[in-house]
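Reading the structure
Here is what each chain is made of, one letter per residue.
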Amino acid sequence: MGIYEELQARGLIAQVTDEEGIRELVNNGKAVFYIGFDPTADSLHVGHFMALCLMKRLQEAGNKPIALIGGGTGYIGDPSGRTDMRSMMTPEQICHNCDCFKAQMSKFIDFSDGKALMVNNADWLLDLNYVELLREVGPHFSVNRMLTAECYKQRMEKGLSFLEFNYMIMQAYDFYALFQKYGCNLQFGGDDQWSNMLAGTELIRRKLGKDAGAMTITLLLNSEGKKMGKTQSGAVWLDPNKTSPFEFYQYWRNVADADVLKCIRMLTFLPLEEIDKMDSWEGAQLNTAKEILAYELTKLVHGEEEAKKAQESARALFSTGNAAEMPTTELTDGDFEEGQIDILTMLVRSGLVPSKSEARRAVQQGGTAVDGEKVTDIKAVFAKDVFAGEGVILKKGKKNFHRLVVK
């Protein structure tokens, strides 16, 4: 099985411009490919994780990755999948975030001896002359066609700024620049980037008369069609100071039964033969699968030692009463409002506190946690689906645990 067939078997490939051409490139180790990362924060998150894993897989198959840090496009902000405009960052913030990305990427990609490149599109985008750019690339973009792009649809409803409208041109120019500077012949990205990526292949074809390819990665969605990698308190980060190894482990340990095998297949480096045997697992075996998923991903991001510590801590937390002994409350539809339940109601329903005023005090004093993640916002709400399967473990103080489930 070639690497292309393995990516297919893992469910990672969404769309490709030229399947046979790309298959031949990557299977023979001839791809010089790039994935772009805009520095919108000072850490990469789970949304970037699949892209980093893809780069690692392709590099191990002999291909050359280019990690493109968006020091230039970060000034604009990608409108894809957004209903609002991104916050404008200062040059200092963008520079700091770029440095943070570089350190994290080195854990996944081997940059030694020219095996991979890390470049910053600020090197060419910030020096562009506006009039020259309009003359150079403007004639090759149809406004009518751009407005039909999927990446602009949500923003069109609330108003698409001219600033954001230019993002597709910037991303296309990146591919064009990388093709000329480094012989980059392939771009990878999330499936919501398809329109921007096609713009790049088209610009290369029109300007240089040459072919370049694009392939999108399947978005990591849960069984309800929502993007994974978010918790009540925000994104699941790869930086241990923003999301601890234990919290990272717990996030994957608590995925829904319907999602665990898909995540193992898409995100871990376990052999496919081993994963295929898990397809028939059910019931308690799915809990074992969740532990495998959580351990493997925590090991990838934080190292084996932290993965072991997180697993031991999670098991200790779980066994503080064990499944049979830990007090459990079954929530009903009436406990949820519009598919959500707030932290104060959870504390009262569990019996850990007698009233909402006591619940409010417990949260404000920092003594409340849900699945190991501290909750300090008294207005925090949790979606109904997180209580499926084993439910969640609610903690008050150091020794008071209670399980909340939805059957």
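Residues numbered from 1 in each chain as written. Predicted model: local features only at pLDDT ≥ 70, side-chain atom pairs only at ≥ 80, totals over all residues. Heavy atoms only, no water.

Here the focus is the overall build of the chain. Secondary structure assignment for the chain yields 19 helices and 15 strands. In terms of C-alpha radius of gyration, the chain reaches 23 Å, essentially the compact-globule figure of 22 Å for 407 residues. Projecting the C-alpha coordinates of the chain onto the three principal axes gives extents of approximately 70 × 45 × 35 Å. Every one of the 407 residues in the chain was classed for burial, and the buried ones make up 49%. Here the analysis covers contacts within the chain between residues at least 6 apart in sequence; of these, 72% occur between residues at least 24 apart. Counting every atom, the chain has about 19,100 Å² of accessible surface; 48% of that belongs to carbon and sulfur. The distance from the centre of the 47 positive side-chain charges to the centre of the 56 negative ones in the chain is 3 Å. (Helix = DSSP H or I, 4+ residues; strand = E, 2+ residues; numbered from the N terminus. Rg over C-alpha atoms; globule rule 2.2 N^0.38 Å. Buried < 20%, exposed > 50% of the residue type's maximum accessible area, 1.4 Å probe, protein only. Contact = heavy atoms within 4.5 Å. Areas by Shrake-Rupley, 256 points an atom, 1.4 Å probe, with all protein chains shown as cover. Lys, Arg positive; Asp, Glu negative; His and termini not counted. Charge placed at Lys NZ, Arg CZ, Asp CG, Glu CD.)

Strand order across the open sheet formed by five strands is β9-β15-β14-β11-β12, with mixed pairing between neighbours. Strands with a single pairing partner mark the edges of an open sheet, and in this sheet they are β9 (328-330) and β12 (373-374). Taken together, the two bridges between strand β11 (residues 368-370) and β12 define a ladder with antiparallel strand orientation. Paired with Ala369 across the strands is Lys374, a residue of β12. (Pairing = 2+ DSSP bridges.)

With that settled, the discussion passes to the pairing of strand β5 (residues 186-190). Among the five residues of β5, four are classified as buried, and the element is accordingly described as predominantly covered. Alignment of strand β2 (residues 32-37) against β5, held across two bridges, turns out to be parallel. The partner of Phe33 across the bridge, within β5, is Leu186. Pairing of β5 with strand β6 (residues 213-217), which is carried by five bridges, proceeds in the parallel orientation. Bridge pairing in β6 links Phe188 to Met215. Following the chain from β5 across helix α11 (residues 194-208) to the adjacent parallel β6, one finds a crossover that is right-handed. (Right-handed = clockwise from strand over helix to strand, strands pointing away.)

So, on to unusual backbone geometry. The phi dihedral of Asp113 is positive, around 50°, even though this residue is not glycine. Relative to the assigned elements, Asp113 resides in the loop between α4 (91-105) and β4 (117-120). Of note in this structure, Glu338 is not a glycine but carries a positive phi near 55°. In this structure, Glu338 sits in the loop between β9 and β10 (340-342).

Another point: the side chain of Ser350. Tracing the sequence through the fold places Ser350 in helix α18 (residues 343-350). Of the residues examined, Ser350 reaches a relative accessible area of 7% and is grouped as buried. Within the local environment of Ser350, its side chain forms a polar contact with the backbone oxygen of Leu347, the two atoms lying 2.7 Å apart. Here Ser350 is in contact with Thr329, Leu394, His402 and Leu404, once residues within four sequence places are set aside. (Polar contact = N/O pair within 3.5 Å; in protein donor to acceptor, adjacent residues only side chain to side chain.)

The geometry of helix α3 (residues 46-60) relative to helix α15 (residues 284-302) is characterised by a closest axis approach of 12 Å and an angle of 80° between their N-to-C directions. Of the possible angle classes, the one that applies to α3 and α15 is roughly perpendicular. Together, Phe49, Cys53 and Lys56 of α3 and Leu297, Leu300 and Val301 of α15 make up the contact between the two elements. Its residues assigned to classes, the contact of α3 with α15 comprises five nonpolar, no polar and one charged. (Axes fitted to C-alpha atoms, helices over the stretch in contact; angles between N-to-C directions. Parallel < 35°, antiparallel > 145°, perpendicular 65-115°, else oblique. Nonpolar A, V, L, I, M, F, W, Y, C, P; charged D, E, K, R; others polar.)

Attention now goes to the pattern of salt bridges. Evaluation of the coordinates by the stated rule reveals 20 salt bridges. As a salt-bridge pair, Glu19 and Arg23 come within 3.5 Å of each other at their nearest N and O atoms. Residue Glu19 and its partner Arg23 are both found in helix α2 (residues 19-27); the two are separated by four residues, about one turn of the helix. Overall, the relative accessible area of 34% leaves Glu19 in the partly exposed class. (Salt bridge = Lys/Arg side-chain N within 4 Å of Asp/Glu carboxyl O.)

Moving on: the environment of Ala103. Mapped onto the secondary structure, Ala103 falls in helix α4. A sequence separation of 60 residues divides Ala103 from Ser43, and the C-alpha atoms of the two residues are 9.6 Å apart.

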